[in-house]
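Each chain, letter by letter, is given below.
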Amino acid sequence: MTIYIKRITPVPDKGIAWVTLLLRGADAEQVQKEKYPLLLMQLPELSLQIGEIDEACAERIADASGVCRAYVKGLTSLSYGDQSVRGLTYKLVQKGCSKMHAELAVQMLAQAGYLREDSAALREAERSVAKHRSRRRVEYDLQAKGYDARGAEVQCYLDEVDFDEICLIALRQQCRHGMPEGEARKKLYQKMLAQGFTSGQLKEAFAALDGQEM
């Protein structure tokens, strides 16, 4: 089989180029055409030229195209909101990209400045706190989404949050129709304990609301 690069068509507004290959078999009439999208930033490394190429070059084009497709899918995903490295890689694999292509694409997106994990983790923590969640729940949610909950920016922010006050607000929301008594009170206490609030925070919050008219 003989392989040729027939055409390289840049599409600058999309940041890609289409590479058209012709594959000719032993029979002159056996001609197959294949088109591969490549990122413009990938072209210099590949050093492609119109004309005949070997199978190794064709494989490099196909491999680079897989990374390109993952990159474009990742960019589209990021346009809908922040993602962690782990979360975006997983999402790309779920969309049909190979793990290797997904990892390379995510690395390229990070290098290009599209994926800023530290600041994204901080914004995610802020959103979680705004929902009146405990510190343990905030950190758990970050980890579940692939972020480093122990990162310096996140921890500095969480250190400044008054989670005692957060606990009181959360309890007040649970007691909009009055403070429960007896078994219902015990169940509410256990429920909020399971949500990550400490026993000390809950005792203070319950005591504060007991002293107020609901």
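Quick summary incoming for the structure in this document. Remember, it's a predicted structure, so these values are computed and weren't measured experimentally.

Attention now moves to helix α7 (residues 152-160). For the α-helix, the turn length of 3.6 residues means that residues three or four positions removed from each other point alike. Every buried residue belonging to α7 is among Val154, Gln155 and Leu158, and all of these are buried. The arc that holds every buried residue of α7, seen down its axis, measures 95°, which confines them to one face. In α7, the exposed residues that point more than 90 degrees away from the buried face are Ala152, Cys156, Asp159 and Glu160. Structurally, α7 contributes buried residues whose contacts are with α5 (117-130), α6 (135-144) and α8 (163-174).

A few words now on the pattern of salt bridges. Any two side chains of opposite charge can pair, so long as their charged atoms come close to each other. Applying the stated criterion to the full structure yields 9 salt bridges. For Arg127, the salt bridge is made with Glu124, and the minimal N-O distance between the two is 2.8 Å. Of the two residues, Arg127 and Glu124 are both situated in helix α5; the distance of 3 residues between them amounts to about one turn of the helix. For Arg127, a relative accessible area of 40% corresponds to the partly exposed category.

Turning our eyes to something else, we now look at a positive patch on the surface. Taken together, the side chains of Lys6, Arg7, Arg24, Lys33 and Lys35 make up a positively charged region of the molecular surface. By the element assignment, Arg7 lies in strand β1 (residues 2-11). Assessed through its relative accessible area of 38%, Arg7 is described here as partly exposed.

Rules used in this analysis
Residues numbered from 1 in each chain as written. Predicted model: local features only at pLDDT ≥ 70, side-chain atom pairs only at ≥ 80, totals over all residues. Heavy atoms only, no water. Buried < 20%, exposed > 50% of the residue type's maximum accessible area, 1.4 Å probe, protein only. Helix = DSSP H or I, 4+ residues; strand = E, 2+ residues; numbered from the N terminus. Arc of directions from axis to C-beta. Contact = heavy atoms within 4.5 Å. Salt bridge = Lys/Arg side-chain N within 4 Å of Asp/Glu carboxyl O. Patch = residues over 30% accessible without salt bridge, like charges linked within 9 Å, V, L, I, M, F, W, Y side chains within 5 Å. Areas by Shrake-Rupley, 256 points an atom, 1.4 Å probe, with all protein chains shown as cover. Lys, Arg positive; Asp, Glu negative; His and termini not counted. Charge placed at Lys NZ, Arg CZ, Asp CG, Glu CD.

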